[in-house]
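Per-entry structural report
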Amino acid sequence: MEDKPLEKIFSLEEIDYARFWGTNDKLLDFVRILFPKLKLIVRGEMLKAIGSSEEIEFFEGKLAAMMTYYEKFGRINENAIMQIMENGGSTPDAETNDEILVHGRDGLLVKARTPNQKRLIEAVKKNDMVFAIGPAGTGKTYTAVALAVRALKNKEIRRIILTRPAVEAGENLGFLPGDLRDKLDPYLQPLYDALRDMIPQQKLLGYWEDNTIEIAPLAFMRGRTLDNAFVILDEAQNATASQLKMFLTRMGKNAKFVITGDITQIDLPRHQTSGLVQATKILKGIDGIEVIELDNSDVVRHRLVTKIIRAYDRLGDELAAQKPEERIKETEEDKE
């Protein structure tokens, strides 16, 4: 008399299971061919395996290796699955070199694209606090987020904390609809976008729910000690001197702080000093702190962005060269 088949349910909720199985469940069909003695039934994030205990145990090890591979490299294919089948359950390598920071979604390889971005990566390796200063589009925030995600995946830290000052750049925060979170989300969107490139959606949602990844306005940092964390302060040019001092003194044990900003885009009222400008002057040269400056040559957005930045730089130089009375006259004409 044959033993009654066993059933075991596996959850794929922490990965993007739709992309994991591929278009029209192509990889699921391939896995079924590799495990002919098992009946595999998929319902959304749940996978049910029906068969003998030996077959299910063997399948469980291979499935875990497949999911680890997908989580690490952001994709999986038939060749990778065959390597997993042949390697006793170990996860094969795929384009592993020191330049790749993160294997993002859909095979995206996140790595430094300019010499100054490489300098930023080296600075974070050697220092616990790094300032990354440069114009829009130079990859400051994106590179910092990639370094944080890599540190989390490598279990070097326990959590990622992303923050920025909620300073209004011409918009009125009070008139935006919704509660505080709804009002702040537009200011934090660049951080969300970078994370979505690098972490599968379901995994990212899990990180948000258990606060492994926390996104909060700068004011919420007061009174905290940030241990075992990779902390990024974005748009730091809009933090006042007292706010930035408060933030920098939150650093706890086993923490990395990266502060990014563009000192040409300060949205603070004229009577307030940018904490970023002040901090880079008074902290430069302290052991364990490094300041990396990026410039127009590091812009990795559309080619027009570089030209736009240069045009505004030329305008700034022209205004600086003008006599005070000429600048006053132009200001009065603008008002009219």
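Please refer to the structure higher up on the page.
Residues numbered from 1 in each chain as written. Predicted model: local features only at pLDDT ≥ 70, side-chain atom pairs only at ≥ 80, totals over all residues. Heavy atoms only, no water.

**A look at the sheet that holds strand E3 (residues 46–51)**
Strand pairing within a sheet occurs via backbone hydrogen bonds; the two strands may be parallel or antiparallel. Strand order in the open sheet formed by 3 strands is E1-E3-E2, and the pairing between neighbours is antiparallel. Here the strands that pair on one side only, and so sit at the sheet edges, are strand E1 (6–11) and strand E2 (39–43). Averaged over all neighbouring strand pairs, the angle between strand axes comes to 20°, with direction disregarded. With 5 bridges joining them, E2 and E3 adopt antiparallel strand pairing. Following the sheet pairing, Leu 40 is matched in E3 by Ala 49. Packed on one face of the sheet, helix H3 (residues 53–73) meets E1, E2 and E3 and runs near 10° to E1. (Pairing = 2+ DSSP bridges. Helix = DSSP H or I, 4+ residues; strand = E, 2+ residues; numbered from the N terminus. Axes fitted to C-alpha atoms, helices over the stretch in contact; angles between N-to-C directions. Contact = heavy atoms within 4.5 Å.)

**Overview of the sheet that holds strand E6 (residues 129–133)**
Judged by pairing direction, the sheet is parallel, and its 6 strands sit side by side in the order E8-E7-E9-E10-E6-E11 without closing on themselves. The sheet is open, and its two edges are formed by strand E8 (213–217) and strand E11 (289–293), each paired on a single side. Taken pair by pair, the neighbouring strands of this sheet meet at an average axis angle of 15°, ignoring direction. In terms of strand pairing, E6 meets strand E10 (residues 256–261) through 5 bridges, oriented parallel. Looking at the pairing, Phe 131 lines up with Ile 259 of E10. Packed onto the sheet, helix H5 (residues 115–126) meets E6, strand E9 (229–233), E10 and E11 and runs at close to 170° relative to E11.

**As for the pairing of E8**
Buried residues dominate E8, accounting for 5 of its 5 residues. Judged by which residues are buried, E8 turns out to be covered on both faces: Ile 213, Ile 215 and Pro 217 on one side and Glu 214 and Ala 216 on the other are all buried. Relative to E8, strand E7 (residues 159–164) runs parallel, the two sharing 5 bridges. Residue pairing for E8: Ile 161 is matched across the bridge by Glu 214. (Buried < 20%, exposed > 50% of the residue type's maximum accessible area, 1.4 Å probe, protein only.)

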